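Architecture at a glance
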Amino acid sequence: MDGVRLLRLGKRLTELGRAMVTDHASETLTPGEVAVVSDVYQHPGSSVQDIRVRTGFAQSHVSTSVARLRERGLLDAAPDPADGRRTLLSVSALARGYVRARAARPAEPLLARALPDPAQARRAAELLDELCALLLPAPAAPAPAGPPAPPPPDTWAPARGASSATVGEHGTDGDAQGPSPAQGGRE
């Protein structure tokens, strides 16, 4: 395979992938807006400058896309705690729901529509699975189910004479929302 055929294949796979994840809510997004949402999905807490660097788009294009996506409720914004003049972006719960629902759809029906022969469609699905295994990084292993194993009994109680204190756990699921976009901040 030469580079031109590889690029053509990549373009066709992109078209098929876009058809898989496009629905009535995302059909109205421009390709640039889809690229911005995809970038922020992969890199939550990004600034407009971060997105510009990763996508290669002009700053004005990214800023315009971000404004439209925020108006549609697909991106959330919060001031950067380290620099209140910057705005950090994350994909909204609404957009994450769309992405999860669309990403869970199987590709086989789309391949069946793209290829006239059912045997060819099955073979294409097998080959694509094999390519994914070879070319894409393996997904992170899921955390073990259930609570962690308790420590051995001799570590449960504090040492004699030590005071026992309640230790709270602090954390976030990554979905914590900052101030509303109306509170300002530069993008």
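For the structure, check the block above.
No experiment lies behind these values; they were computed from the predicted model shown.

Parameters at a glance
- Residue positions are given per chain, counted from 1 along the sequence in the order it is written.
- Only residues with pLDDT of 70 or above have their local features reported here, since the model is predicted, and side-chain atom pairs are shown and tallied only from 80 upward, although totals for entire chains, interfaces and linings are computed over all residues.
- Water and hydrogen atoms play no part in the side-chain values, which are based on all heavy atoms of the structure.
- For the purposes of this entry, the term helix denotes a DSSP run of H or I that reaches at least four residues, the term strand denotes a run of E that reaches at least two, and both are numbered from the N terminus.
- We call a residue buried when its accessible area falls under 20% of the maximum for its residue type, exposed when it is over 50%, and partly exposed in between, using a 1.4 Å probe and counting protein chains only.
- Any two residues having at least one pair of non-hydrogen atoms within 4.5 Å are treated as being in contact.
- Per-residue and other accessible areas follow the Shrake-Rupley method at a 1.4 Å probe size, with only the shown protein chains counted as cover for residues.
- A pairing counts as a salt bridge when a side-chain nitrogen of Lys or Arg comes within 4 Å of a carboxyl oxygen of Asp or Glu.
- For helices, the fitted line uses only the C-alpha atoms of the stretch in contact; every axis is such a line through C-alpha atoms, and the angle between N-to-C directions lies from 0 to 180 degrees.
- Here the angle decides the label: under 35 degrees means roughly parallel, over 145 means roughly antiparallel, 65 to 115 means roughly perpendicular, and every other value means oblique.
- Handedness of a crossing is defined here by the sense of rotation of the near helix relative to the far one, left-handed for an anticlockwise turn of less than a right angle and right-handed for a clockwise turn.
- Polar here means any residue other than Ala, Val, Leu, Ile, Met, Phe, Trp, Tyr, Cys and Pro, which are nonpolar, and Asp, Glu, Lys and Arg, which are charged; Gly is therefore polar.

Moving on, we get to the overall build of the protein. Of the regular secondary structure elements, the protein holds seven helices and two strands. A total of 187 residues make up the protein; the buried ones form 21% of that total. Counting contacts in the protein only where the partners sit at least 6 residues apart, residues at least 24 apart contribute 55% of the total. Accessible surface, the protein: about 13,400 Å² in total, of which carbon and sulfur atoms supply 60%.

Here the focus is the pattern of salt bridges. One pass over the structure, following the stated rule, counts seven salt bridges. Arginine 72 is the salt-bridge partner of glutamate 33, the closest N and O atoms lying 3.4 Å from each other. Taken together, the positions of glutamate 33 in helix α2 (residues 31-42) and arginine 72 in the loop between α4 (59-71) and β1 (75-80) put the pair 39 residues apart, joining distant regions of the chain. Overall, the relative accessible area of 1% leaves glutamate 33 in the buried class. On the basis of relative accessible area, arginine 72 is assigned to the partly exposed category, the value being 37%. Arginine 54 is paired through a salt bridge with aspartate 39; the nearest N and O atoms lie 2.8 Å apart. Residue arginine 54 is found in helix α3 (residues 48-55), and its partner aspartate 39 is found in helix α2; the two are separated by 15 residues along the sequence.

This part is about the packing of α3 against α4. Where α3 meets α4, the closest approach of the two axes is 9 Å, and the angle between their N-to-C directions is 120°. Taken as axis vectors, α3 and α4 run oblique relative to one another. Seen along the crossing, α3 lies across α4 with a hand that is right-handed. Only Gln59, Val62, Ser63 and Val66 of α4 make contact with α3, whose side of the interface consists of Val48, Gln49, Ile51, Arg52 and Thr55. Across the contact of α3 with α4, the residue classes break down as four nonpolar, four polar and one charged.

What follows covers the packing of α2 against α4. In helix packing, the relevant descriptors are the interaxial angle and the interaxial distance, both defined with respect to the helix axes. It is the contact of α2 with α4, at a shortest axis distance of 9 Å, that shows an interaxial angle of 80°. The angle between the axes of α2 and α4 places the two elements in the roughly perpendicular class. The segment α2 lies against α4, with Gly32, Glu33, Val36 and Val37 engaging His61, Ser65, Val66, Arg68 and Leu69. Taken together, the residues of the contact of α2 with α4 break down into four nonpolar, three polar and two charged.

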